[in-house]
Amino acid sequence: NAGVTQTPKFRVLKTGQSMTLLCAQDMNHEYMYWYRQDPGMGLRLIHYSVGEGTTAKGEVPDGYNVSRLKKQNFLLGLESAAPSQTSVYFCAVGITYEQYFGPGTRLTVT
Amino acid sequence: DQQVKQNSPSLSVQEGRISILNCDYTNSMFDYFLWYKKYPAEGPTFLISISSIKDKNEDGRFTVFLNKSAKHLSLHIVPSQPGDSAVYFCAASGIYSGGGADGLTFGKGTHLIIQP
């Protein structure tokens, strides 16, 4: 997980609150991703970015927005949190075909 | 519908023996396959990968086999060691932006337990 950091590590939100998750990389790579993992499930792609200023939707984008204003940072926003967004969120950086993941953010929405 | 399937939620293997983890996929657009290992409270760690133009890739104790006609791949770990106990995810690439560093589609994972 070296080179990919996520902030915060844990967060509890109330329904309707907003927050931003930050992913930072020091590897100078173009591709960055946000995934979520729910119990008994694999990781599912939320949004991704192929370079600074670009973003695209993944498998489960609804309820989330992203921004890639700087190459090293990829932000995931929840405008109005819902209990269904309780999950562990992982950021990843893509290097050729392999992806390298951060340690995750555990988010609980009550 | 799941495009990458790992049908065994868990697998128990004795230390020193071979562990075989299986994965099936349905989308013919996938062109690259990867295995990740995950410990609790950590992010997934890349283990080994294989391109769709190959049928085997080896890296130390880990070998991945791809049967493209059957849309099936497997991960072999020989010999299995206690530190191999973890959740293993199969993942596939090629249906989002395409080419290298594409978004991944994951299976649900197999929990491998290595018994002494």
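That block above? That's the structure.
Residues numbered from 1 in each chain as written. Chains lettered and ligands numbered in written order. Predicted model: local features only at pLDDT ≥ 70, side-chain atom pairs only at ≥ 80, totals over all residues. Heavy atoms only, no water.

**A look at the overall build of chain B**
For the record, the criterion: The helix count covers DSSP runs of H or I at least four residues long, the strand count covers runs of E at least two residues long, and both are numbered beginning at the N terminus. Radius of gyration means the value over C-alpha atoms here, while the globule rule gives 2.2 Å times the residue count to the 0.38 power. Throughout this description, buried means an accessible area under 20% of the type-specific maximum (1.4 Å probe, protein chains only), exposed means over 50%, and partly exposed covers the range between. We call two residues in contact whenever any of their non-hydrogen atoms come within 4.5 Å of each other. Surface accessibility in these figures is a Shrake-Rupley result with a 1.4 Å probe; residues are shielded only by whichever protein chains are displayed. The charge count treats Lys and Arg as positive and Asp and Glu as negative. His and the chain ends do not count. For the purpose of locating charges, the reference atoms are NZ of Lys, CZ of Arg, CG of Asp and CD of Glu.
Helix and strand counts for chain B stand at zero helices and 11 strands. Counted from the first residue to the last, chain B has its helices and strands arranged as β-β-β-β-β-β-β-β-β-β-β. Whereas a compact globule of 116 residues would reach a radius of gyration of roughly 13 Å, chain B reaches 14 Å, a difference of no more than 12%. Each principal axis of the C-alpha distribution contributes one length, and for chain B these read about 45 × 30 × 25 Å. Per-residue burial over chain B gives 47% buried out of 116 residues. Here the analysis covers contacts within chain B between residues at least 6 apart in sequence; of these, 55% occur between residues at least 24 apart. Total accessible area on chain B stands at roughly 5,300 Å², and carbon and sulfur atoms take up 49% of it. Each charge class in chain B can be summarised by its mean position, and for the 10 positive and 10 negative side chains these summaries are 3 Å apart.

**Notes on the interface of chain B and chain A**
Short version of the rule: As a working definition, buried area equals the accessible area (1.4 Å probe) given up by two parts on being put together, with both sides summed. Any carboxyl oxygen of Asp or Glu within 4 Å of a side-chain nitrogen of Lys or Arg constitutes a salt bridge here. Pairs of N or O atoms within 3.5 Å make up the polar contacts considered here, provided that, within protein, one atom can donate a hydrogen while the other can accept it, and that residues adjacent in sequence are counted only when both atoms are side-chain atoms. Nonpolar residues are Ala, Val, Leu, Ile, Met, Phe, Trp, Tyr, Cys and Pro. Charged residues are Asp, Glu, Lys and Arg, and all others, Gly as well, are polar.
Every contact between the two is made by 24 residues of chain B and, on the other side, 25 residues of chain A. Of the roughly 1,900 Å² buried at the junction of chain B and chain A (both faces included), carbon and sulfur atoms supply 61%. The largest contributions to the chain B side of the interface with chain A come from B:Tyr96, B:Ala101 and B:Phe106, which together make up 27% of the buried area. At the boundary of chain B and chain A, one finds zero salt bridges. Taken together, chain B and chain A are joined by five residue pairs in polar contact (both at pLDDT 80 or more). Secondary structure elements with two or more residues in the side of chain B that touches chain A: strand S4 (32-38), strand S5 (45-51), strand S9 (86-93) and strand S10 (104-106) of chain B. The dominant element in the side of chain B that touches chain A, judged by the number of residues it contributes, is S4(B), at four residues. Here the residues of the side of chain B that touches chain A sort into 11 nonpolar, eight polar and five charged.

**Thoughts on the packing of aromatic side chains**
The criterion, for reference: Only the six-membered ring of Trp is used, alongside the rings of Phe and Tyr, when aromatic pairs are assigned; centres must lie within 6.5 Å, and planes under 30 degrees apart are stacked while those over 60 apart are edge-to-face, with the rest tilted.
In the structure shown here, the tally under the stated rule is 16 aromatic pairs over all chains. Note on A:Tyr35 and B:Phe106: the rings are 5.6 Å apart at their centroids and 85° apart in plane angle, and the pair reads as edge-to-face. One end of the pair, A:Tyr35, is in strand S4 (residues 31-37); the other, B:Phe106, is in strand S10, on a second chain. Taken as a pair, A:Tyr35 and B:Phe106 share a single burial class, namely buried. Ring-pair connections join several aromatic residues into one group, and the members of that group are A:Tyr33, A:Tyr35, A:Tyr48, A:Tyr100, A:Phe101, B:Tyr36, B:Phe46, B:Phe89, B:Tyr96 and B:Phe106.

**Things to note about the sheet that holds strand S7 (residues 65-67) of chain A**
All names here are of chain A. In plain terms, the rule: Pairing between two strands is assigned when DSSP locates at least 2 bridges connecting them. In this analysis an axis means a line fitted to C-alpha atoms, helices contributing only their contacting stretch, and an angle means the value between N-to-C directions, from 0 to 180 degrees.
Taken together, four strands build an open sheet; the order of strands is S1-S3-S8-S7 and the sheet is antiparallel. Looking along the sheet, the strands with just one partner apiece sit at the ends: strand S1 (4-7) and S7. Strand-to-strand twist in this sheet, taken as the mean axis angle between neighbours without regard to direction, amounts to 20°. In terms of strand pairing, strand S3 (residues 19-25) meets strand S8 (residues 73-78) through six bridges, oriented antiparallel.

**Remarks on the sheet that holds strand S3 (residues 19-25) of chain B**
Residue and element names in this part refer to chain B. Spatially, S1-S3-S8-S7-S6 is the arrangement adopted by the five strands of the open sheet, whose pairing is antiparallel. The open sheet terminates on both sides in strands that have one partner only, identified here as strand S1 (4-5) and strand S6 (56-59). Relative to strand S7 (residues 62-67), S6 runs antiparallel, the two being bridged by four bridges. Across the sheet, aspartate 59 pairs through a bridge with phenylalanine 62, a residue of S7.

**A short note on the nonpolar core**
Definition in use: Among buried residues, the Ala, Val, Leu, Ile, Met, Phe, Trp, Tyr and Cys ones that are joined through side-chain atoms within 4.5 Å form a nonpolar core.
In terms of nonpolar packing, the biggest core is built from 23 residues, with B:Phe33, B:Trp35, B:Leu73, B:Leu75 and B:Tyr88 touching the most fellow members. Going through the elements one at a time, S3, S4, S5, S7, strand S8 (72-77), S9 and strand S11 (110-115) of chain B are the ones with two or more residues in this core. It is S9(B) that contributes the most residues to this core, four residues altogether. Counting residues in each nonpolar core, the second largest holds 19 residues, with A:Leu13, A:Met19, A:Cys23 and A:Ile46 among its members.

Fair warning: the whole summary comes from geometry, so function is off the table for now.
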